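# A closer look at the structure
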Amino acid sequence: MKIEKIIKSTLAMDNAKKVILNVIYTQHVIGDKFNEILKPYDISGEQYNVLRILRGQKGTPANMSIIQERMLAKNSNTTRLIDKLLLKELVTRKVCPANRRKIEVLITQKGLDILTELEPEVNSHEQLFASNLNSEELIQLNTLLEKYRNPKK
C-alpha cells in the first residue's frame with residue numbers, strides 16, 4: 001500500500017518526503033512485530049540487542065563503551081539496559097580488576113538460553129519481511145539504504 005494511503009494524505013508529496021515517511025513507517029511495522037516476539041520473554045528490543053552483543057563477545061567481558069558503540073540505537077541508555085538485564089539475571093556485571101573505573105559485563109547462561117530460544121522466531125520474522133523480495137532485490141535494498149543513510153554534505 002502506498003504511504004499516502006496509509007497516512008490518508010491528500011497532498012502531493014515529493015519523493016524525498018515519501019522515502020522518509022516510508023522508512024519511518026516501515027521501521028514501526030517491523031518493530032511492532034518484533035516486540036510481539038520479545039514480549040513473552042519480558043525483554044525490549046534494546047535489551048535483546050545488548051544480549052546479542054554480549055553473546056558475540058564469546059565469553060570475553062564487554063565494557064559499557066563497547067556495548068554502546070555496537071548498539072543499533074545509539075541513544076540508548078546502556079547503564080539502564082544493563083541494570084534491567086541484571087535484575088532478570090541475564091547478565092553479570094563486575095568491576096574490572098585492572099581498571100577499577102571500568103565495568104565488565106558478561107551474558108549469563110540464562111541469557112544465552114533466551115537467545116537460543118528466540119533465534120527461530122527472529123529468523124522467521126526476518127524471512128517474513130524479506131519474502132516479497134528476491135535475493136537481488138534484497139542486495140539492492142541494502143545498498144540503497146546504506147547509501148541513503150550516508151548523505152554527502
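Everything here concerns the structure above.
None of the values given here were measured: they were computed from a predicted structure.

A count of helices and strands for the chain gives seven helices and two strands. Walking the chain from its N terminus toward its C terminus, one meets helices and strands in the order α-α-α-α-α-β-β-α-α. Computed over C-alpha atoms, the radius of gyration of the chain comes to 19 Å, more than 25% over the 15 Å expected from 2.2 N^0.38 for 153 residues, which places it beyond the range of a compact globule. In terms of overall dimensions, the chain has C-alpha extents of about 60 × 40 × 30 Å along its principal axes. In the chain, of all internal contacts separated by at least 6 residues, the share reaching a separation of at least 24 is 46%. On the chain, roughly 11,200 Å² of surface is accessible, and the fraction owed to carbon and sulfur atoms is 54%. Counting 25 positive and 18 negative side-chain charges, the chain places the averaged centre of each group 7 Å from the other.

Mapped onto the elements of the fold, F34 is located in helix α2 (residues 15-38). Counting along the chain gives 106 residues from F34 to Q140, while the straight-line C-alpha distance between them is 23 Å. If near-sequence neighbours (up to four positions away) are discounted, F34 is found in contact with G45, Y48, V122 and H125.

The rules we used
- Residues numbered from 1 in each chain as written.
- Predicted model: local features only at pLDDT ≥ 70, side-chain atom pairs only at ≥ 80, totals over all residues.
- Heavy atoms only, no water.
- Helix = DSSP H or I, 4+ residues; strand = E, 2+ residues; numbered from the N terminus.
- Rg over C-alpha atoms; globule rule 2.2 N^0.38 Å.
- Contact = heavy atoms within 4.5 Å.
- Areas by Shrake-Rupley, 256 points an atom, 1.4 Å probe, with all protein chains shown as cover.
- Lys, Arg positive; Asp, Glu negative; His and termini not counted.
- Charge placed at Lys NZ, Arg CZ, Asp CG, Glu CD.

Shape descriptors only; they carry no functional weight alone.
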